[in-house]
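Structural characterization, general
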There are 2 protein chains.
Amino acid sequence: MPEKPPAPAVEKVKTTYLEGLIGYNARRAALVIIDAFLQQMAVYGLRPVDFSVLSLIHHNPGITSRQLCATLNIQPPNLVGMIRSLENRSLLTRQPHPNDGRAVGLHLTASGQELMLDAERTAQELESDAAAGLTATERKTLIRLLQKIYL
Amino acid sequence: MPEKPPAPAVEKVKTTYLEGLIGYNARRAALVIIDAFLQQMAVYGLRPVDFSVLSLIHHNPGITSRQLCATLNIQPPNLVGMIRSLENRSLLTRQPHPNDGRAVGLHLTASGQELMLDAERTAQELESDAAAGLTATERKTLIRLLQKIYL
DNA sequence: TATTGTTATACTCTATAACTATA
DNA sequence: TATAGTTATAGAGTATAACAATA
């Protein structure tokens, strides 16, 4: 009876199968961009989620925590700490909601607005870097197709 | 001096700014697909990362932990538990590496191969669902553009 | 009775330092 | 000296249950 030959080593890993799945590709692409985001936004002391929150408040002054949670798929308990932290940094204020005593309207402070003008400019540069290999048309196509997946 | 008017409430949240960023869209799309993946793969007892690991072993028998880590951007310590768990379920075996005494070659067992044939078929169905709103051409374009971001 | 915001808490995911055996 | 695999551990991220105040 012949001995079982030793299993050969893998020289080059074949990723063909996974690379055919949209989910795998979307996740890999998201991780690369988020990693760049983390590094570039560090100077502002903002993580991606902080940037998203502040940006939504920036463009929707008076937005409530509940609306932020629904928009960004964040659980309410997990937003509490972020809001408190950003409030402690004087980047936002919590004001009484005009017609719902339970809710609180969120607004950027003057320094919060200043920070976000800079941060959103940086985000645009980062966007150009990420899409450096894409034409303007391809970039628009990519965003349109991604939105078809999740909207 | 007139009283400051109360800040108005936000009726509809404007997400225009964030929706113009590739990273935001890629992450949202990835989360939607991964969520569907989690639900569909639950019957196999596989999380997305388990599926990725087993799939790579399936298509690269003899692959090492180190190669898996490099391919999937996993830290080695975080892979140890996954491998052990999959080995305990008799889905894979660890065999001596043919030409490196430090390394271990990973192989699917017969039941591991059976499971992955089913799981990969399910993944394909899930892929069709995710891309339900896309034409075949759009799906290929999406994957091609995503790979331009991260490869 | 339902919803907003909150606390406390647990669970998962990810990252780092340090060790061993081998190259 | 460097690398593969491992252990222990810490930190970040995410989820659920339950409560007070208001609708």
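Before reading further, recall that the structure is shown in the block above.
Residues numbered from 1 in each chain as written. Chains lettered and ligands numbered in written order. Predicted model: local features only at pLDDT ≥ 70, side-chain atom pairs only at ≥ 80, totals over all residues. Heavy atoms only, no water.

**Details of helix α5 (residues 110-130) of chain A**
Where we set the bar: Counting from the N terminus, the helices are the DSSP runs of H or I reaching at least four residues and the strands are the DSSP runs of E reaching at least two. Multiplying 1.5 Å by the helix residue count minus one yields the expected span of that helix. Each residue's exposure class comes from its accessible area (1.4 Å probe, protein chains only) as a fraction of the maximum for that residue type: buried when under 20%, exposed when over 50%, partly exposed otherwise. Contacts: residue pairs with any heavy atoms within 4.5 Å of one another.
The end-to-end C-alpha separation of α5(A) is 30 Å, in line with the 30 Å expected for 21 residues at 1.5 Å each. Among the residues making up α5(A), those that are buried are G112(A), L115(A), M116(A), A119(A), E120(A), T122(A), A123(A), L126(A), E127(A) and A130(A). Buried residues along α5(A) sit against α1 (22-41), α2 (48-59), β2 (104-108) and α6 (136-150) of chain A together with α1 (22-41) and α6 (136-150) of chain B.

**Structural notes on the protein's contact with DNA strand C**
Filter applied, for reference: The cutoff for a nearby residue is simple: one of its non-hydrogen atoms must lie within 4 Å of the molecule or strand. For the purposes of these results, a polar contact is taken to be a pair of N or O atoms within 3.5 Å, where, inside protein, one atom must be able to donate a hydrogen and its partner to accept one; residues adjacent in sequence count only when each atom of the pair is a side-chain atom. Residues are grouped as follows: nonpolar covers Ala, Val, Leu, Ile, Met, Phe, Trp, Tyr, Cys and Pro; charged covers Asp, Glu, Lys and Arg; every other residue, Gly included, is treated as polar.
Neighbouring DNA strand C are 19 residues, the closest being R66(A), R94(A), R47(B), N78(B) and G101(B). When the atoms of DNA strand C within 4 Å of the protein are sorted by group, sugar and phosphate make up 56%. With respect to DNA strand C, the side chain of R94(A) contributes an N or O atom lying 2.8 Å from a phosphate oxygen. Note that a phosphate oxygen of DNA strand C is positioned 2.7 Å from one of the side-chain N or O atoms of R47(B). The element best represented in the surface near DNA strand C is helix α4 (residues 76-88) of chain A, accounting for four residues. By residue class, the composition of the surface near DNA strand C is six nonpolar, five polar and eight charged.

**Description of the protein's contact with DNA strand D**
The local shell around DNA strand D holds 19 residues, among which R47(A), G101(A), R66(B), R94(B) and R102(B) are the closest. Note that a phosphate oxygen of DNA strand D is positioned 3.0 Å from one of the side-chain N or O atoms of R84(B). At a separation of 3.1 Å, a phosphate oxygen of DNA strand D approaches a polar backbone atom of V104(B). Counting only elements with at least two residues in the surface near DNA strand D, the list comes to α4 of chain A together with α3 (65-72) and α4 (76-88) of chain B. Among the elements that line the surface near DNA strand D, the one with the most residues is α4(B), at four residues.

**Considerations on α6(A)**
An ideal rise of 1.5 Å per residue puts 21 Å on 15 residues; α6(A) measures up with 22 Å between its terminal C-alpha atoms. Three or more residues of α6(A) are buried, namely E138(A), T141(A), L142(A), I143(A), L145(A), L146(A), Q147(A), I149(A) and Y150(A). Its buried side turned inward, α6(A) meets α1 and α5 of chain A together with α1, α5 (110-130) and α6 of chain B.

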